[in-house]
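Report on the structure
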Amino acid sequence: MLFILERLSKACANEISTPCFRHRCYAVATALRVAIVGTGPAGFYTASQLLKRLGSSVHIDLIDRLPTPFGLVRSGVAPDHQDTKNVTHQYTSIARDERCSFFGNVTLGRDVSLRELRDMYNAVVLAYGAESDRKLGIPGEEAGNVFSAREFVWWYNGHPDAAHLPVDLKNVQSVAVCGIGNVALDCARVLLKGAERLKKTDLASHALQSLQQAAGTIEEVHLVARRGPVQAACAPKELKELVSDPLLTVHAPHPQMAISPSDEVVLKTTRTKKRIFEIISKAAAITATGIAGTQTLINAVPSSSAPVVTTLLADKAGPETIISRSSVSIEKHEDQGSSSGSSEQAVKKGSGTATASLHFQFYRNPVEIVVDPLTGKAAGLKVERTELRHDERQQGREGEMAVVAVGTGVMDIIPAQLILVSIGYKSLSIGGLPFDPRSGTVPHAAGRVIQTADSSSSGGTAAIRSDGGDGKGLDKSQQAVISSKTPNPSNSRNGLLEEDHGSEYERGLYVCGWLKRGATGIIGTNLIDAEETVKSIVQDWKAGLLPELLITSVKDSVPASSSDVPCNVSSPLVPLEALLESRGVKVVDFEGWSRIDAVEVERGVAEMRVRSKLVDLDTMIGIAVDNNSGYNTVYQ
Ligand SMILES: Cc1cc2nc3c(=O)[nH]c(=O)nc-3n(C[C@H](O)[C@H](O)[C@H](O)COP(=O)(O)OP(=O)(O)OC[C@H]3O[C@@H](n4cnc5c(N)ncnc54)[C@H](O)[C@@H]3O)c2cc1C
């Protein structure tokens, strides 16, 4: 109850003095009520844009499933990129604005349904990111020490969901990372830097311990890509940072740096691509033949895979090859005065002694994870060499011709005791929400959610799910405490707005961030994205197209099973708080998060680190909600 009073005071502070139970009804009725689900960059930029554009006419509830805000800025951005995390100061000011309230430890689809939120707010903005992965879909993907990059990143960044991920670094000499995007580079860099160079960061304590135990054992990391260096999806800055590590040798064998004539055109016209190609070329000893780091694994290879071993190290680029391999990369290499002999050579950079090696494995499509039958863990990655063909049906990312990788039938095995799959994040769908399972995003026009056949028929509550089917619903009796009504029926059909070209929007429902545009873009991209979504909200609000809210008693919303939960059923309480309290949800407000933050920083000081993250949800909630200070004895 104290929690509710605190929120009421905050919500009313701008307009009326406390106590403000009765006045809250007035405040709620006049200010636009917006719920933002997800407090990563997209959620915070949406909030900041709403505050900027609507002044005192808006109240925003920021909802997150974790007791900690900031999304991937906390659980994605690498621990050695502390400066990037400074953006959280800006987010903190937004959360502390008196027009905002933070609801941590509240999961959409578990603690509250989408239907309920839509009934409680004039506008609901979904910004819950992308918390699933694209899979390789190959045999062995479920083996031990095979993880998605998302899981691995969460693990080293102390995300509570991955705190107990069974990462075993002790016996890992070689790592294969499938994919060459920025996330893949982050994973490689963290592994190659090791404990000594990360110990002062906010790397999760369990990850630091694991890296300490594995010190000196990780000898090589392979970055495996189905296509070539010109198609690598990373940013030059991140690539440069990785390959410039003085303790690293970089390998990129000549056949794998080969490019087609159309690639050459891309290099001439696209600065970023050219830069990426140059960075790899400069960093590596480009060899005329040979496959870096590829060995036979006779003992570990199951009998079904045995024939492929005989093909190892055989470069069979035959007459059927579509791409004519250019000598551009060799010439560049020779220009720089390095040799390009027949055996693989690597450049040792700077005066440091190289302790590990990085191998670019282009034109290699993972086809199977080789599993050690004794341990059930990864032992190697079987890859098929590929060639590129133009895909006339598609346009490439930056306007160039799209190319697809086509298998040649020639197989190699890359030894790897840890395999990370970094081929893309995917959002989860939620019951009643239009969702495109192919792209893993919500269909929208300028942030307005577009209705689909599925969503129109699904009005009830449902849990977030990844299969696109019906989720597990909450009890109907737990539904809205505020009812919505259509303000202008002539503009709508079935509560939906009709767009000029015939699409129908979900009234009052918006999307932003990775859930809206897919898992691409940096933190700043979400600001541009939020500007677009907020523009749509403001337009709809001014046009009277958002649902109006009628405050009713919470009586009907209290589930029978929760009748013993203390709840004032006759007062017009703030609906979301009342609903969550009736369900026994321990909501973490921003002061609660600040207590967690203070403990983490304090632990960090003691350990001579930036911060020492808490990863156990019960501990965090204990500190945030119950003000439990007993963590000292248990966790320090
Ligand atoms: C590994 C990695 C490293 C990156 N490094 C950088 C970098 O160095 N610099 C840079 O500029 N960009 C970086 N990015 C990109 C940047 O993090 C993203 O652009 C940005 O985080 C996307 O914002 P978002 O708000 O859409 O999603 P997120 O940041 O993922 O936020 C989503 C939020 O929704 C919450 N949520 C999820 N499900 C629910 C639910 N059911 N109910 C309630 N809440 C829910 C989550 O807890 C989370 O807080 C990185 C991305 C990754 C994956």
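These numbers come from a predicted model, not from an experiment. Note on numbering: residues in each chain are counted from 1, in written sequence order. Restriction of local features to residues with pLDDT of at least 70 applies here, the model being predicted, together with a cutoff of 80 or more for giving and counting side-chain atom pairs; totals for whole chains, interfaces and linings are based on all residues. Remark: hydrogens and water are excluded; side-chain values derive from all non-hydrogen atoms of the structure.

1. Some remarks on the site of the ligand
A molecule or strand has a residue near it when one of that residue's heavy atoms lies within 4 Å. Taken together, the neighbourhood of the ligand is formed by 32 residues, with Ala42, Asp64, Leu72, Trp514 and Ile523 sitting nearest. Leu108 is positioned with one of its backbone polar atoms (N or O) 3.0 Å from a nitrogen atom of the ligand. Here a polar contact is recorded for every N or O atom pair within 3.5 Å, except that within protein the pair must consist of a potential hydrogen donor and a potential acceptor, and residues adjacent in sequence are included only if both atoms are side-chain atoms. The separation between an oxygen atom of the ligand and a polar side-chain atom of Asn526 is 3.1 Å. Its free accessible area being 1,000 Å², the ligand has 93% of it covered by the protein chains. All accessible areas in this document rest on Shrake-Rupley with a 1.4 Å probe, and a residue is counted as covered only by the protein chains that are shown.

2. Details of the environment of Ala519
Under the DSSP-based scheme used, a helix requires at least four consecutive residues in state H or I and a strand at least two consecutive residues in state E, with every element numbered from the N terminus. Secondary-structure assignment places Ala519 in the loop between helix H16 (514-517) and helix H17 (525-542). Spatially, the C-alpha atom of Ala519 lies 5.7 Å from that of Tyr425, the residues being 94 residues apart in sequence. Those residues within four positions of Ala519 in sequence are excluded, and the remaining contacts are Ala130, Tyr425 and Trp514. What makes two residues a contact is simply this: any of their non-hydrogen atoms within 4.5 Å.

3. A closer look at the side chain of Asp168
Within the secondary structure, Asp168 sits in the loop between helix H7 (149-156) and strand E7 (174-178). In this structure the side chain of Asp168 is engaged in a polar contact, spanning 2.7 Å, whose partner is the side chain of Lys377. The contact partners of Asp168, leaving out residues within four places of it in the chain, are Asn145 and Lys377.

4. Details of the packing of H7 against helix H8 (residues 182-198)
Fitted lines through C-alpha atoms serve as axes, helices being fitted only where they are in contact, and the angles separating the N-to-C directions of these axes extend from 0 to 180 degrees. Packing of H7 against H8 brings their axes to within 10 Å, and their N-to-C directions diverge by 45°. When the axes of H7 and H8 are compared, the pair comes out oblique. Remark: the crossing between H7 and H8 carries left-handed chirality. Residue-level inspection shows Ala149, Phe152, Val153 and Tyr156 of H7 in contact with H8, the latter providing Val183, Asp186, Cys187, Val190 and Leu191. Following the grouping adopted for this structure description, the nonpolar residues are Ala, Val, Leu, Ile, Met, Phe, Trp, Tyr, Cys and Pro, the charged ones are Asp, Glu, Lys and Arg, and the polar ones are all others, Gly among them. Considering only residue class, the contact of H7 with H8 consists of eight nonpolar, no polar and one charged. Angular relationships are summarised with four words: roughly parallel below 35 degrees, roughly antiparallel beyond 145, roughly perpendicular across 65 to 115, and oblique for the angles in between. Crossings are classed by handedness, with left-handed meaning an anticlockwise turn of the near helix from the far one by less than a right angle and right-handed meaning a clockwise turn.

5. Structural notes on the pattern of salt bridges
We count a salt bridge whenever a side-chain nitrogen from Lys or Arg sits within 4 Å of a carboxyl oxygen from Asp or Glu. Counted under the stated rule, the structure contains 32 salt bridges. Between Arg583 and Glu116 there is a salt bridge; the shortest N-O distance is 2.6 Å. Taken as a pair, Arg583 in the loop between helix H18 (575-582) and helix H19 (590-607) and Glu116 in helix H6 (residues 114-120) lie far apart in primary sequence, 467 residues in all. Judged on exposure class, the residue Arg583 and its partner Glu116 are both buried. Between Glu368 and Lys382 there is a salt bridge, with the nearest N and O atoms lying 3.6 Å from each other. One end of the pair, Glu368, is in strand E12 (residues 364-371); the other, Lys382, is in strand E13 (residues 378-395), with 14 residues separating them in the sequence. In this structure, Glu368 and Lys382 share a single accessibility class: buried. What you see here is one network of salt bridges that share partners, running through Asp80, Asp186, Arg189, Lys193 and Glu241. Three exposure classes are used, based on accessible area relative to the maximum for each residue type with a 1.4 Å probe and protein chains only: buried under 20%, partly exposed in between, and exposed over 50%.

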